[in-house]
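Chain by chain, the residues run as shown.
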Amino acid sequence: MITSKVILAFSVGVLAPVLFSASRCLLSTTTTTAMASSASYTPGTHSMAFVTAPSQEVAKKIAGGLVKNKLAACVNIIPNIISVYEWKEEINEDPEVLMMIKTRTSRLEELTKYVRENHPYDVCEVISSKIDQGNQPYLDWISKIVPEK
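Residues numbered from 1 in each chain as written. Predicted model: local features only at pLDDT ≥ 70, side-chain atom pairs only at ≥ 80, totals over all residues. Heavy atoms only, no water.

A. View of the environment of L108. Along the chain, the position of L108 falls in helix α3 (residues 108-118). Here the alpha-carbon distance between L108 and A49, two residues 59 residues apart in the chain, equals 8.0 Å. Setting aside chain neighbours within four positions, we find L108 in contact with S47, A49, T103 and S128. (Helix = DSSP H or I, 4+ residues; strand = E, 2+ residues; numbered from the N terminus. Contact = heavy atoms within 4.5 Å.)

Below you can see the structure in the form of structure tokens.
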């Protein structure tokens, strides 16, 4: 049985390398298209959600459902992270994987509901950050894949 968790802190020292390792899905190095400007992109239209899972198998199941149900355009599954957290007055340290999910901000509530209904933890991590700018063709692709709510 998997223990319930609440992640209390997600260190920038851990997150920064993770984000850079998954950047191939965020920014294209083969296009010369400029970053989205405020004139062509409304900052915050899209978001990245972060969800930890106990294994790649669990993450793949959740990721597949999110993409199939048009709640996410892309989910990166980043292996080999260690989460250190307090749960039931004890400090725990567990191996996990991290899902970095790209979606529309307007779909975050539905995305969170889906994760909660399909995640083995009693209290699963679902946190998000709005995307202020990015590669315009990539942002357009997210919009095409994930319909407006």
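B. Here's a closer look at the packing of aromatic side chains. Within the structure shown, the criterion is met by one aromatic pair. Between Y138 and W141, the aromatic rings sit 5.4 Å apart at their centres with planes inclined by 40°, giving tilted as the arrangement. Highlighted residues: Y138 and W141, both in helix α4 (residues 136-145), separated by three residues, approximately one helical turn. Residue classification places W141 among the partly exposed positions, given a relative accessible area of 33%. (Phe/Tyr/Trp six-rings, centres within 6.5 Å; stacked < 30°, edge-to-face > 60°. Buried < 20%, exposed > 50% of the residue type's maximum accessible area, 1.4 Å probe, protein only.)

C. View of the side chain of R107. One can find R107 in the loop between β3 (90-104) and α3. For R107, a relative accessible area of 9% translates into the label buried. Not counting the four nearest positions on each side in its chain, R107 is found in contact with K70, L71, V146, P147, E148 and K149.

D. Layout of the side chain of S83. Locating S83 in the fold gives a position in strand β2 (residues 74-87). S83 gets classed as buried once you look at its relative accessible area, which sits at 6%. There is a polar contact of 2.4 Å between the side chain of S83 and the side chain of E96. (Polar contact = N/O pair within 3.5 Å; in protein donor to acceptor, adjacent residues only side chain to side chain.)

E. Here's a closer look at the environment of G65. Locating G65 in the fold gives a position in helix α2 (residues 56-68). Taking the C-alpha atoms as reference, G65 lies 9.1 Å from V115; in sequence the two are 50 residues apart.

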